[in-house]
Amino acid sequence: LYDQYGHQGPRGSGFGAGFGGVEDILSHFADIFGGFGNFGFGGGGRRQRVQEGDDLQAQLTITFAEAAHGCSKSLDVTRMIHCATCGGSGAKAGTQPSPCGTCGGRGQVQHNQGIFVIAATCPTCRGNGRVVKDKCTECRGGGVSRHKETVAVNIPAGIDDGQTMRVPGKGQAGPSGGPPGHLYVTLHVEADPRFEREGDDLLTRYELTFAQAALGARVAVPGVDGEHEIEVPAGTQPGWVKVLRGRGLHNVHGRGVGDLHVQFTVAVPRKLSSEQRRLVEELAKHDPEKQAAPEPREPEHDEEEGGFFFRRKKKKR
């Protein structure tokens, strides 16, 4: 319409009802879409919006057991809160901030260039749209004060190393009484030498003696919720994996529980007594596989309760 009819295009085409021109139409678009960065389209002024305070970041270290079961930790933070005397306005009791005379309360000053309007933050009110003439004696017009407090961080079971939690409303106070930002806490989980973690699954290794592997045994293996007894069948080979379903970690989003994979190794003694050596030599004489050594085999599959523990690509969170 502008190309066809010029500056009065909408009116020239009969489209002008309720609009004062191209600038007025585009200002309505700016209201709908929240402006166009630092370039606005003329007409109506910017609507004053409540601004949220800045966010804070913190680090917190927890043990593997605390991550597995969930816990509540205390975190000391120092942040800016609204002044208790003026409620964050910065004005003296009984008074209110006045609209800025430079920007008319918009928080921005504008420079017209054709149909475009270049907006900049008002130098007088610094974008607040209001100025404090009679300042609060407590905060001296700042509207905020420094405050130290202890924040409770409730950590869910299954949290992983490097994940970040949000504590709402524990960031910096918003300007002019605006709502506070949030506190983001990045968790660091200490390693447990007994386990390797892959998502919600855990791997632990258990060393059997030669006799236990050959004859079978009942052993207790570690888990996050205590020890678990496992029946080791006779003839267990090194690398055999037993999977205990539902004995891993809770999913941090509440989507079930992982598994515990127990991988068995067989210890070969470095030194033998004379009696032990005699018995091993006697065993070797009766070894049915002595003449034909078997080909190396993959760890046996646990038909009853699962399969191998294998490395999976970590899911993106």
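In this text, all values refer to a predicted model and were calculated from it rather than measured experimentally.

### Digging into the confidence of the model for the protein
Overall, the prediction assigns the protein a mean pLDDT of 80, with 75% of residues at 70 or greater. Contacts for the low-pLDDT stretch residues 34-47, under 50 throughout, to residues beyond four places or in other chains number 32 contacts. Note on residues 303-317: pLDDT is under 50 here. Beyond four places in sequence and across chains, it has 34 contacts.

### Concerning the pattern of salt bridges
Across all of its chains, the model carries twelve salt bridges by this definition. Here Lys 73 makes a salt bridge to Glu 66, at a shortest N to O gap of 3.3 Å. Judged by relative accessible area, which is 23%, Lys 73 ranks as partly exposed. Ionic pairing is found between Asp 160 and Arg 197, a salt bridge with its closest N-O pair at 3.5 Å. Here Asp 160, found in the loop between strand E8 (144-155) and strand E9 (164-167), pairs with Arg 197, found in strand E11 (residues 196-198); they are 37 residues apart in sequence, far enough to count as distant. Across the pair, Arg 197 and Asp 160 agree in class, each one buried. Salt bridges sharing partners connect three or more residues here, namely Arg 79, Glu 149 and Lys 170.

The rules behind each value
- Residues numbered from 1 in each chain as written.
- Predicted model: local features only at pLDDT ≥ 70, side-chain atom pairs only at ≥ 80, totals over all residues.
- Heavy atoms only, no water.
- pLDDT = per-residue confidence, 0-100.
- Contact = heavy atoms within 4.5 Å.
- Salt bridge = Lys/Arg side-chain N within 4 Å of Asp/Glu carboxyl O.
- Buried < 20%, exposed > 50% of the residue type's maximum accessible area, 1.4 Å probe, protein only.
- Helix = DSSP H or I, 4+ residues; strand = E, 2+ residues; numbered from the N terminus.

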